[in-house]
Amino acid sequence: MILLPHAVTLAQARSYLAALADQATTIDASSAYEHALIELDRVHGDEVPTIDSDELCEDRAILLSMATAALEDLDRHGVDALSIELIIAMLDDAYTLDSL
């Protein structure tokens, strides 16, 4: 069971990742963001809140920063720190692909 503060943080992280995938400049970058999102869902046992990325900004650098901050904040909710770091590394790799 996920408590409300954890669910809010997780929903934010998922929304930012989805927005990055939607706005990616290449299929490879979009796929890499999706893989990070899938890993985040796997870490949470697929018990995840819905995504709402309709009104997020379109600046990918800002979305990357917000996604990273939300992912780092999951540590406060008992998510394994190594899993978080691996997802952030996946996110950074996706952003690198997106910047090429």
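Treat the numbers as computed from the prediction; the structure is a model and nothing was measured. (Residues numbered from 1 in each chain as written. Predicted model: local features only at pLDDT ≥ 70, side-chain atom pairs only at ≥ 80, totals over all residues. Heavy atoms only, no water.)

## Thoughts on the overall build of the protein chain
Assigned secondary structure in the protein chain consists of four helices and zero strands. Shown N-terminal to C-terminal, the secondary structure of the protein chain runs as helices and strands in the order α-α-α-α. In summary, the protein chain has a C-alpha radius of gyration of 12 Å against a globular reference of 13 Å for 100 residues, a match within 12%. Buried residues in the protein chain amount to 39% of all 100 residues. Within the protein chain, contacts between residues at least 6 apart in sequence are counted, and of these 77% link residues at least 24 apart. Within the structure as shown, the protein chain displays about 5,600 Å² of accessible surface, and the carbon and sulfur contribution to it stands at 54%. Both charge centroids of the protein chain, one from 4 positive and one from 20 negative side chains, sit 3 Å from each other. (Helix = DSSP H or I, 4+ residues; strand = E, 2+ residues; numbered from the N terminus. Rg over C-alpha atoms; globule rule 2.2 N^0.38 Å. Buried < 20%, exposed > 50% of the residue type's maximum accessible area, 1.4 Å probe, protein only. Contact = heavy atoms within 4.5 Å. Areas by Shrake-Rupley, 256 points an atom, 1.4 Å probe, with all protein chains shown as cover. Lys, Arg positive; Asp, Glu negative; His and termini not counted. Charge placed at Lys NZ, Arg CZ, Asp CG, Glu CD.)

## Let's talk about the environment of Ser 15
Positionally, Ser 15 belongs in helix H1 (residues 4-23). Judged by relative accessible area, which is 7%, Ser 15 ranks as buried.

## A closer look at the nonpolar core
By size, the foremost hydrophobic cluster in this structure holds 26 residues, and its most contacted members are Tyr 33, Leu 40, Leu 71, Leu 74 and Leu 91. Of all the elements in the fold, those that place two or more residues in this core are H1, helix H2 (27-43), helix H3 (60-73) and helix H4 (81-99). With seven residues, H1 is the largest single contributor of residues to this core. When neighbours within four sequence positions are excluded, Tyr 33 is seen to be in contact with Leu 17, Leu 20, Ala 21, Ala 24, Leu 91, Ala 94, Tyr 95 and Asp 98. (Core = buried A, V, L, I, M, F, W, Y, C linked by side-chain atoms within 4.5 Å.)

## Comments concerning H2
For the α-helix, the turn length of 3.6 residues means that residues three or four positions removed from each other point alike. Over its 17 residues, H2 extends 24 Å from the first C-alpha to the last, a length consistent with the 24 Å expected when each residue adds 1.5 Å. For H2, the full list of buried residues reads Ala 29, Ala 32, Tyr 33, Ala 36, Leu 37, Leu 40 and Asp 41. Where H2 is buried, its residues contact H1, H3 and H4. Immediately beyond the C-terminal end of H2, within one or two residues, lies Gly 45, with a positive phi of roughly 65°. (Expected span 1.5 Å × (residues − 1).)

## Regarding a negative patch on the surface
Where like charges cluster on the molecular surface, the negative patch consists of Glu 72, Asp 75, Asp 80 and Glu 85. Mapped onto the fold, Glu 85 is located in helix H4. Relative accessible area serves as the criterion here: at 47%, Glu 85 is assigned to the partly exposed category. (Patch = residues over 30% accessible without salt bridge, like charges linked within 9 Å, V, L, I, M, F, W, Y side chains within 5 Å. Salt bridge = Lys/Arg side-chain N within 4 Å of Asp/Glu carboxyl O.)

## Focus on the packing of H1 against H2
With their axes 8 Å apart at the nearest point, H1 and H2 run at an angle of 160° to one another. Viewed along their axes, H1 and H2 adopt a mutual orientation that is roughly antiparallel. Like other packed secondary-structure pairs, H1 and H2 cross with a definite hand, here left-handed. From H1, Leu 10, Ala 13, Arg 14, Leu 17, Leu 20 and Ala 21 reach across to H2, where they touch Ser 30, Tyr 33, Glu 34, Ala 36, Leu 37, Leu 40 and Asp 41. (Axes fitted to C-alpha atoms, helices over the stretch in contact; angles between N-to-C directions. Parallel < 35°, antiparallel > 145°, perpendicular 65-115°, else oblique. Left-handed = near helix turned anticlockwise from the far one by under 90°.)

Interpretation in functional terms is not warranted from these geometric data alone.
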